[in-house]
2 protein chains.
Amino acid sequence: MSADSLVPETRVLAIASHVVYGYVGNKMATLVMQLLGCDVASLNTVHFSNHTGYRQFKGTRATAEQITELYEGLCQSHLTDFDVMLSGYAPSAAAVEAVGAIGMDLQCKAEKSPGSFFWVLDPVMGDQGRLYVNNDVVPAYKKLIRHADLILPNQFEAETLSGIKITSLSTLAEAITAIHATYNTPHIIITSVDLSKFTQSSAQPTTTPSDSLTVIGSTTRSDGSPRLFRIDVPALDCYFSGTGDMFAALIVARLREAVFAADPQLRTTKSWVSPDEVQATDLPLARATVQVLASMHSVLEKTMEARDAELRAADIRGDELLSDEERLKRQHLRKSKAAEVRLVRNVQYLRNPTVVFHAQDWKKEDLPARSQ
Amino acid sequence: MSADSLVPETRVLAIASHVVYGYVGNKMATLVMQLLGCDVASLNTVHFSNHTGYRQFKGTRATAEQITELYEGLCQSHLTDFDVMLSGYAPSAAAVEAVGAIGMDLQCKAEKSPGSFFWVLDPVMGDQGRLYVNNDVVPAYKKLIRHADLILPNQFEAETLSGIKITSLSTLAEAITAIHATYNTPHIIITSVDLSKFTQSSAQPTTTPSDSLTVIGSTTRSDGSPRLFRIDVPALDCYFSGTGDMFAALIVARLREAVFAADPQLRTTKSWVSPDEVQATDLPLARATVQVLASMHSVLEKTMEARDAELRAADIRGDELLSDEERLKRQHLRKSKAAEVRLVRNVQYLRNPTVVFHAQDWKKEDLPARSQ
């Protein structure tokens, strides 16, 4: 294995959850970034046995004080020379605030060198129309987000942050525009939008196969307007946990790589915002996202194959002795385990993605009049 | 990067300390095993900002109950199909006992398939003649060790376990023989013995350059006698933290690989103990150790280069304004940070070690008469 396929040297502070078994949160993000060549400091916000998708787990949550204390430990020994911070799940509003204070302190330390520190924030609040954090976490995130350089909400989180229900391409564009404007957010990616659920009329202008997912991104222009791009990827018929964390980790590595490959001025520009003349599809954010999705698609395809093989080989003797409820629970546990993302044997797909996806420019005037 | 350079698929439960910044304990061991292709579940016994070699750190220790609870979380969701357990630092005697109970439970679960589960135990108690754990941790380890398949004491820990002060090659052999006998331990490796500190007479029979370290290993024969081998490696003029954890992680991966490359019967033999006719230097333990030391030597050499470059480039402006005490502290912190082992950019040396070291057979009759 050569070092050629590594991204530029990048020191990352990753703040998210830890699970003993499997790959979500920091357990996923840390490894993914390390495999791409990043030096990762991992500050864990929870210590759980496994991810919550199993519907049962044991362990403890870090308090806001414990999170702050670990960061103070880094500060007192001068261990804060991070290029990027990636913040994910925090288990309470106070913990979100503690993480926010860390991000702001690192920004403050880097103030004199624009572009030398970049904060990627995944505002983990919920999914599929449902909050899975306490209500007070939402306002905590709303205060924080104006400090982040790139945020990675899913569709539900983008709705929560923008206050706009996303039911069409035009409301999607509105939500992104609103987030840019309200929070002064330089970069946004909305991970996995299911356009096939939009009303027919609004999805018409582009042919979106019903079995595909769309990722929408935007880097703001100097007037605050969005520069939108979209990338359609085939959806896989399987539910995986930790894919949001995988996306976040990959984008950290790939975005910095894309910025380093762009005009040298960009990397010393605050928040790495490209000049206005750069088209949406030429943005480092778009180039990075294309790479990220290619890696994810291959790794998840390999995971699906491995999952199917594991489930076929599963020893289900004894299942028939269980009650219906117990049997279903056992099946769910088995499926959850089998669907753990396979990373360590699939590093080549992270490092040298081969699948080709394309970013499409997506201008507001392309939208059908009646959906605007 | 091809998958060819990966070790056989191995599921490991790694129980050790976590640090946010840098590479010791589970932060080191987990990554090293992952980079070699192992699927690692990481159960963290402490959550510290950085390693204690910095002489200051913040964070919390897991209680024995928290360690046990995380394992119960794995059990209840059937996430315990581990091939290997690697246990390292535990922060109290009760925590050592909790870790021990986990190892014994996993052994119990694998009882019907000899060789299907293997426990590597690093009895972290102290170094350089000094305990750095509470006194009650020693008897806790002494109870545990009889259950482990391979133990990795340093010279001081081997003395503590055997009750024999190691001052010569013959007392070293005696200590290993005593550990095999007292604890019924199948495999032992004493990491880093400094033979140059032995009395001249006892070190005479072999030429040991004064700037080399010796690793001594042994797999027991069926009569309980040791099969000793030694490997001399050039010592590097630098103190690194986490090298014991790095050794342990590499030996987990490489030993299983060596066992898989040996007679197929071996992998279904309890504790992977080779038949009596296998010579010391042909033992999978010896073959694995050779690989491990080659990887370590290259990675540490690269680390030393990077450390020197980092220290040369260090911004020491302002140091002259500090008191002597503060300046020395600042220098120590800078050196500690610069000496953090460089893993993520040096994966090729882990996967495809190129340096060649040799294991030497080491029989008791080779020892000089007067030192026996």
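Predicted, not measured: the structure shown is a model, and the values here were computed from it. (Residues numbered from 1 in each chain as written. Chains lettered and ligands numbered in written order. Predicted model: local features only at pLDDT ≥ 70, side-chain atom pairs only at ≥ 80, totals over all residues. Heavy atoms only, no water.)

The next point concerns the relation of the copies chain B and chain A. For the pair chain B and chain A, the superposition axis carries a translation of 0.0 Å, the fit reaches an RMSD of 0.0 Å, and the rotation angle comes to 180 degrees. Considering both components of the superposition, the chain copies are consistent with a two-fold axis. A share of 100% of interface residues in chain B that are also interface residues in chain A marks the association as one of identical surfaces. (Least-squares fit on C-alpha atoms with pLDDT ≥ 70 in both. Contact = heavy atoms within 4.5 Å.)

Below, the discussion takes up the interface of chain B and chain A. Taken residue by residue, the interface counts 54 residues in chain B and 54 residues in chain A. Counting the surface lost from both chain B and chain A, the interface buries some 4800 Å², and carbon and sulfur atoms represent 58% of this. Applying the counting criterion to the chain B and chain A interface returns 4 salt bridges. Remark: the boundary between chain B and chain A carries 20 residue pairs in polar contact (both at pLDDT 80 or more). Elements supplying a minimum of two residues to the side of chain B that touches chain A: β1 (11-19), α1 (25-35), β2 (39-48), β3 (59-61), α2 (64-76), α10 (324-338) and α11 (347-351) of chain B. Sorting elements by how many residues they give to the side of chain B that touches chain A places β2(B) first, with 8 residues. (Buried area = accessible area lost by both parts, 1.4 Å probe. Salt bridge = Lys/Arg side-chain N within 4 Å of Asp/Glu carboxyl O. Polar contact = N/O pair within 3.5 Å; in protein donor to acceptor, adjacent residues only side chain to side chain. Helix = DSSP H or I, 4+ residues; strand = E, 2+ residues; numbered from the N terminus.)

Looking now at the side chain of T289(B). Within the secondary structure, T289(B) is located in helix α9 (residues 284-313). Excluding residues that lie within four positions of it along the chain, T289(B) makes contacts with I189(B), V215(B), F229(B), I231(B), F247(B) and I251(B).

This paragraph deals with the pairing of β2(B). Residues in a regular strand point their side chains to alternate faces of the sheet. All names here are of chain B. By the criterion of burial, β2 is predominantly enclosed, with 9 of the 10 residues buried. As defined by bridge partners, β1 adjoins β2 across 8 bridges and the pair is classed as parallel. In the strand pairing of β2, L13 is matched with A41. Regarding topology, α1 serves as the crossover connection from β1 to the parallel β2, and that connection is right-handed. Bridging between β2 and β3 involves 3 bridges; their strand directions are antiparallel. Paired with H47 across the strands is T60, a residue of β3. (Buried < 20%, exposed > 50% of the residue type's maximum accessible area, 1.4 Å probe, protein only. Pairing = 2+ DSSP bridges. Right-handed = clockwise from strand over helix to strand, strands pointing away.)

This part is about the packing of helix α2 (residues 64-76) of chain A against helix α3 (residues 93-109) of chain A. Residue and element names in this part refer to chain A. In contact at an axis separation of 8 Å, α2 and α3 are set at 20 degrees when each is read in the N-to-C sense. The angle between α2 and α3 falls in the class roughly parallel. In the crossing of α2 with α3, the sense of the turn from one axis to the other is right-handed. Where α2 abuts α3, its residues A64, I67, T68, Y71 and C75 lie against A94, A95, A98, V99, I102, D105, L106 and K109. Here the contact of α2 with α3 is composed, by residue class, of 10 nonpolar, 1 polar and 2 charged. (Axes fitted to C-alpha atoms, helices over the stretch in contact; angles between N-to-C directions. Parallel < 35°, antiparallel > 145°, perpendicular 65-115°, else oblique. Left-handed = near helix turned anticlockwise from the far one by under 90°. Nonpolar A, V, L, I, M, F, W, Y, C, P; charged D, E, K, R; others polar.)

Residues and elements named next belong to chain A. Spatially, β3-β2-β1-β4-β5-β8-β9-β10-β11-β12 is the arrangement adopted by the 10 strands of the open sheet, whose pairing is mixed. The open sheet is flanked by β3 (59-61) and β12 (360-361), the only strands paired with a single partner. In this structure, strand β1 (residues 11-19) lies alongside strand β4 (residues 84-87), joined through 4 bridges in parallel fashion. Residue pairing in the sheet places L13 in a bridge with M85 of β4. Of the strands in this sheet, β1, β2 (39-48) and β4 touch helix α1 (residues 25-35), which is tilted by about 145 degrees from β1.

Every α-helix winds through 3.6 residues per turn, so residues three or four apart in the chain are directed the same way. Residues and elements named next belong to chain A. Compared with the 21 Å implied by 1.5 Å per residue over 15 residues, the 21 Å span of helix α6 (residues 169-183) between its first and last C-alpha is a close match. Burial runs high along α6: 11 of the 15 residues are buried. Listed in full, the buried residues belonging to α6 are L169, S170, T171, L172, A173, A175, I176, A178, I179, H180 and Y183. (Expected span 1.5 Å × (residues − 1).)

Moving on, we get to the packing of α1(B) against helix α8 (residues 243-261) of chain B. All names here are of chain B. At a closest axis distance of 8 Å, the pairing of α1 and α8 adopts a crossing angle of 30 degrees. Taken together, α1 and α8 sit at an angle that is classed as roughly parallel. α1 and α8 meet at a crossing whose hand is right-handed. Facing α1, whose interface residues are G25, M28, A29, V32 and M33, α8 presents D245, M246, A249, L250 and V252. Across the contact of α1 with α8, the residue classes tally to 8 nonpolar, 1 polar and 1 charged.

In this section: the pattern of salt bridges. All names here are of chain B. Under the definition given, this model contains 34 salt bridges over all chains. The salt bridge involving D81 is made with R11; its shortest N-O contact spans 3.1 Å. Of this pair, D81 sits in the loop between α2 and β4 (84-87) while R11 sits in strand β1, and the two are 70 residues apart along the sequence. On the basis of relative accessibility, which here comes to 34%, the residue R11 falls in the partly exposed class. A salt bridge links R307 to D308; the shortest N-O distance between them is 2.9 Å. Since its relative accessible area comes to 18%, R307 is described here as buried.

This next bit is on the confidence of the model for chain A. Per-residue confidence for chain A gives a mean pLDDT of 92; residues scoring 70 or more make up 93%. Every residue in residues 201-205 of chain A scores below 50 in pLDDT, and together they form 14 contacts with partners more than four places removed in sequence or on other chains. (pLDDT = per-residue confidence, 0-100.)

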